[in-house]
Amino acid sequence: MSLSHQTDLRKVRDALAAAALIGLLACGESEGAPHDTVQTVWITEAQHQFGDAPEQDVFFIVPYVRSDLTGDGVLVLDGGTATVSAWSPDGVLRFTVGGQGQGPGEFVSAQDLFVESNGSFWVKEGIGSRFTHYGADGTLLGTARGVDAALGYQGFGVILAWPHDGGYLGFPEVYAGAEAGRVGLPPVDRQPLLRVRRSDSGQWEQPEPLLWMDVSNRMHVMELADGSPLYGRQWFGDADRVVFEPDAAVLMRVKGEPGTVELLETSVAGDTVWHRHLRLEPRKLTARMIEEEVDERVAALAPDLTAPEDPMRVSRGQLREMYTEALYTPEYLPAAERHVLASSGEVWIKTTERSDTLRAYYAVRRDGVDEPPRRVLLPESLMVHDATDTHVWGIWRDSMDRPHVVGRRLVRKDE
């Protein structure tokens, strides 16, 4: 249902929270804005929100949202039900496709969704084993085979992104033990972005590295009581991150000078499309931040690792010590946590600047024009998946942990 009828009190509360974060970032621990740019500040208003449609046998378990600019709506890929559903902005279901299975139009493991400019869309399965193409109205257009056992790079499998003119971008599938250096080899701290092609006979050619990513400080490895490892991610890690579209990969680097963010886009042909640096105000990692992180992770791990019936159990104090010992704690926080390639033609960067309720994002144009980015303050509870020129789309989970699709209208703060 539409939320456009929200009360003025809700809008005032959102505006006050935005003003509080602006004040915090202007004069508190972090100034937030880039040193060398002046950009507009945007906030958002609640407008659209809807959940699944049980009466039509459509359920959200692990939803991922992308806007459909041609159809003035959104598409929702749900990995839990292996379906894609098309919706109007106010939550009217238009059609569904997919379902569990191996036949045409069915998915074994639906993992990712890409919407073309003409409204047609692709669904990626697994690590890129198969790609299914649908028309804007949900008509099945065909499938493209992807990775198989014959494709590898230096002893590892390969994870493929979207097909484009017979080529793919991807990267090696380095398993946790190898990355952590627990298989008799040094830890893996560099990982290539690969270009992959098939020969005229249909055989895989040798993957070609296009550039190298620094993935050090990505993995948290905690030694258990029996010496076995427990793998997770470093919450303050500064490893390079990459996201894909057909014929494009956008790499984000946050290593280097504190507060810096570097963006680099490359194509399947190996060409650098554009390159951009942002300089944000450095933010120190405080003892309180570390303590809060340790408290949260120990609380999540304790039910399994401190159970009395487990012969390898540890005390809560031991668990805290083990987790803390393996935690990467740099002097400064990485300037950004993740990035999203939005339908607006921008890269949306989620920064580490936050208040109790709001998070600061930067929206950077991808056309190579070196103009100041938009600065957008969003509810901390919203997981951003996409953005258009007018709305931000993502997932919000209620108190029962049920996911809802949310669209918030972008509003310039000075308006």
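Residues numbered from 1 in each chain as written. Predicted model: local features only at pLDDT ≥ 70, side-chain atom pairs only at ≥ 80, totals over all residues. Heavy atoms only, no water.

J.: What is the right way to read the environment of Gly317 from this model?
T.: When you line up the elements, Gly317 lands in helix H4 (residues 316-326). With a relative accessible area of 47%, Gly317 lands in the partly exposed category. C-alpha of Gly317 to C-alpha of Val298: the two residues are 19 residues apart in sequence and 9.3 Å apart in space. (Helix = DSSP H or I, 4+ residues; strand = E, 2+ residues; numbered from the N terminus. Buried < 20%, exposed > 50% of the residue type's maximum accessible area, 1.4 Å probe, protein only.)

J.: What am I meant to see in the nonpolar core here?
T.: In a soluble, globular protein the nonpolar side chains are often hidden away together inside. Ranked by size, the top nonpolar core spans 25 residues in total, and within it Leu151, Val158, Leu160, Val196 and Phe244 carry the most contacts. At the level of elements, strand S10 (157-160), strand S11 (167-173), strand S12 (190-197), strand S13 (208-214), strand S16 (241-245) and strand S17 (248-253) are the ones that each hand at least two residues to this core. Ranked by residues supplied to this core, first place goes to S12 with three residues. If sequence neighbours within four positions are ignored, Val158 has contacts with Ile127, Val147, Leu151, Gly152, Tyr153, Phe171, Pro172, Glu173, Leu194 and Val196. The next biggest cluster of nonpolar side chains, apart from the first, holds 15 residues, and it includes Met252, Leu263, Leu280 and Leu341. (Core = buried A, V, L, I, M, F, W, Y, C linked by side-chain atoms within 4.5 Å. Contact = heavy atoms within 4.5 Å.)

J.: Hey, could you run me through the packing of helix H3 (residues 287-305) against H4 in this one?
T.: Pairs of packed helices are described in terms of their axes, by the angle between the two and the distance that separates them. With their axes 9 Å apart at the nearest point, H3 and H4 run at an angle of 125° to one another. Taken together, the axis directions place H3 and H4 in an arrangement best described as oblique. The handedness of the crossing between H3 and H4 comes out as right-handed. Along its contact with H3, which presents Glu291, Glu293, Val294, Asp295, Arg297, Val298, Ala299, Leu301, Ala302 and Leu305, the element H4 presents Arg316, Leu319, Arg320, Tyr323 and Thr324. The residue makeup of the contact of H3 with H4, split by class, is eight nonpolar, one polar and six charged. (Axes fitted to C-alpha atoms, helices over the stretch in contact; angles between N-to-C directions. Parallel < 35°, antiparallel > 145°, perpendicular 65-115°, else oblique. Left-handed = near helix turned anticlockwise from the far one by under 90°. Nonpolar A, V, L, I, M, F, W, Y, C, P; charged D, E, K, R; others polar.)

J.: So what exactly am I meant to see when it comes to the sheet that holds strand S4 (residues 83-87) here?
T.: Through backbone hydrogen bonds, the strands of a sheet pair up, either in parallel or in antiparallel fashion. Spatially, S2-S3-S4-S5 is the arrangement adopted by the four strands of the open sheet, whose pairing is antiparallel. Where the open sheet ends on each side, the last strands, each with one partner, are strand S2 (63-68) and strand S5 (93-98). In this sheet, neighbouring strand axes are inclined to one another by 20° on average, regardless of whether the strands run parallel or antiparallel. (Pairing = 2+ DSSP bridges.)

J.: Hey, could you run me through the environment of Arg320 in this one?
T.: Structurally, Arg320 can be placed in helix H4. With relative accessibility at 29%, the residue Arg320 sits in the partly exposed group. Residue contacts for Arg320: discarding those within four places in its chain leaves Glu291, Val294, Asp295 and Val298.

J.: Sorry if this is basic, but what is going on with the side chain of Thr132 here?
T.: Relative to the helices and strands, Thr132 resides in strand S8 (residues 130-134). On the basis of relative accessible area, Thr132 is assigned to the buried category, the value being 0%. Leave out the neighbours within four places in its chain, and Thr132 touches Gly105, Phe107, Phe121, Trp122, Val123, Glu125, Leu140, Gly142 and Thr143.

J.: Where do I start with the sheet that holds strand S19 (residues 272-279) in this structure?
T.: Taken together, the four strands give an open sheet; going across it, the order is S16-S17-S18-S19, and neighbouring strands pair in antiparallel fashion. Each edge of the open sheet is held by one strand with a lone partner, namely S16 and S19. Ignoring which end each strand starts from, the neighbouring axes of this sheet average 15° apart. Sheet topology places S16 next to S17; five bridges connect them, and they run antiparallel. Paired with Glu245 across the two strands is Ala248, which belongs to S17.

Functional significance is not addressed by these values, which are geometric in nature.
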